[in-house]
Amino acid sequence: MTETHATTTPGAPVFPPGRYGRRRDPGRRRPWLTGALLAVVLAFSGLVTFRLYQQYGDPTYDAQVITYTDITDTQVVVEFQVTVPPGGSAVCLLRARDVAGAEVSREEVTVTAPGDQRSITTRHRLATSAEPFIGEVVRCWPPA
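Definitions and cut-offs
Residues numbered from 1 in each chain as written. Predicted model: local features only at pLDDT ≥ 70, side-chain atom pairs only at ≥ 80, totals over all residues. Heavy atoms only, no water. Buried < 20%, exposed > 50% of the residue type's maximum accessible area, 1.4 Å probe, protein only. Helix = DSSP H or I, 4+ residues; strand = E, 2+ residues; numbered from the N terminus. Pairing = 2+ DSSP bridges. Axes fitted to C-alpha atoms, helices over the stretch in contact; angles between N-to-C directions. Salt bridge = Lys/Arg side-chain N within 4 Å of Asp/Glu carboxyl O. Polar contact = N/O pair within 3.5 Å; in protein donor to acceptor, adjacent residues only side chain to side chain. Contact = heavy atoms within 4.5 Å. Disulfide = S-S within 2.5 Å.

A. Region of interest: the pairing of strand S3 (residues 89-97). Along S3, seven of the nine residues are buried, which leaves the element largely enclosed by surrounding structure. When S3 meets strand S4 (residues 103-112), the two strands line up antiparallel, connected through nine bridges. Residue pairing for S4: Arg 97 is matched across the bridge by Glu 103. Relative to strand S6 (residues 134-141), S3 runs antiparallel, the two being bridged by seven bridges. If you follow Leu 93 over to S6, its bridge partner there is Arg 139.

If you want it as structure tokens, here you go:
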């Protein structure tokens, strides 16, 4: 059996006055505060993006592995292509890893574009300390 009071209306609950604090007005909002916070967050994320692009995203020195061949117990030959400024050069970090992912060789290689070319395709033999599984170009950067 449910209990029904004759003094309360169905719908909104009735609270005793002063017992639960002051009720907020439903129309009081601060849209300018939300806009200001959104602008600050966007500016900060734009600054972080710009700094990370400056540090890691230099498309001038872009490298791609074409193939890795001649895999033996002590070597791997990596053929790769590097994009540099016209007639420029780059230093590229090559490495070889074994099946478990451990690094078995690492070497810095300097490549130079002949004439005014922007693209260099070269092959380099990496001597390894164990049987390699893959040869890769980690990254390239301008020479010092």
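B. Summary view of the sheet that holds S4. In space, the three strands of this open sheet follow the order S4-S3-S6, with antiparallel pairing throughout. The open sheet has two edge strands, S4 and S6, and neither has a second partner. Ignoring strand direction, the axes of neighbouring strands in this sheet form an average angle of 25 degrees.

C. Layout of the pattern of salt bridges. Under the defined criterion, the tally for this structure stands at six salt bridges. Put simply, Arg 95 and Glu 103 hold a salt bridge, and the shortest N to O gap is 3.8 Å. The class for Arg 95 is partly exposed, based on a relative accessible area of 22%.

D. Here's a closer look at the side chain of Ser 105. Along the chain, the position of Ser 105 falls in strand S4. There is a polar contact of 2.9 Å between the side chain of Ser 105 and the backbone oxygen of Ala 127. Apart from the residues within four sequence positions on either side, Ser 105 is in contact with Leu 94, Arg 95, Ala 96, Leu 126, Ala 127 and Thr 128.

E. A look at the state of the cysteines. What the rule picks out here adds up to one disulfide. Bridging Cys 92 to Cys 140, the disulfide has an S-S length of 2.0 Å. In this structure the cystine formed by Cys 92 and Cys 140 twists about its S-S bond by roughly 110 degrees; its chirality is therefore right-handed. Here Cys 140 lies in strand S6 and Cys 92 lies in strand S3, a separation of 48 residues in the sequence. Of the residues examined, Cys 92 reaches a relative accessible area of 0% and is grouped as buried. When its relative accessible area of 8% is taken as the criterion, Cys 140 is described as buried.

Bear in mind that shape data such as this cannot, by itself, settle questions of function.
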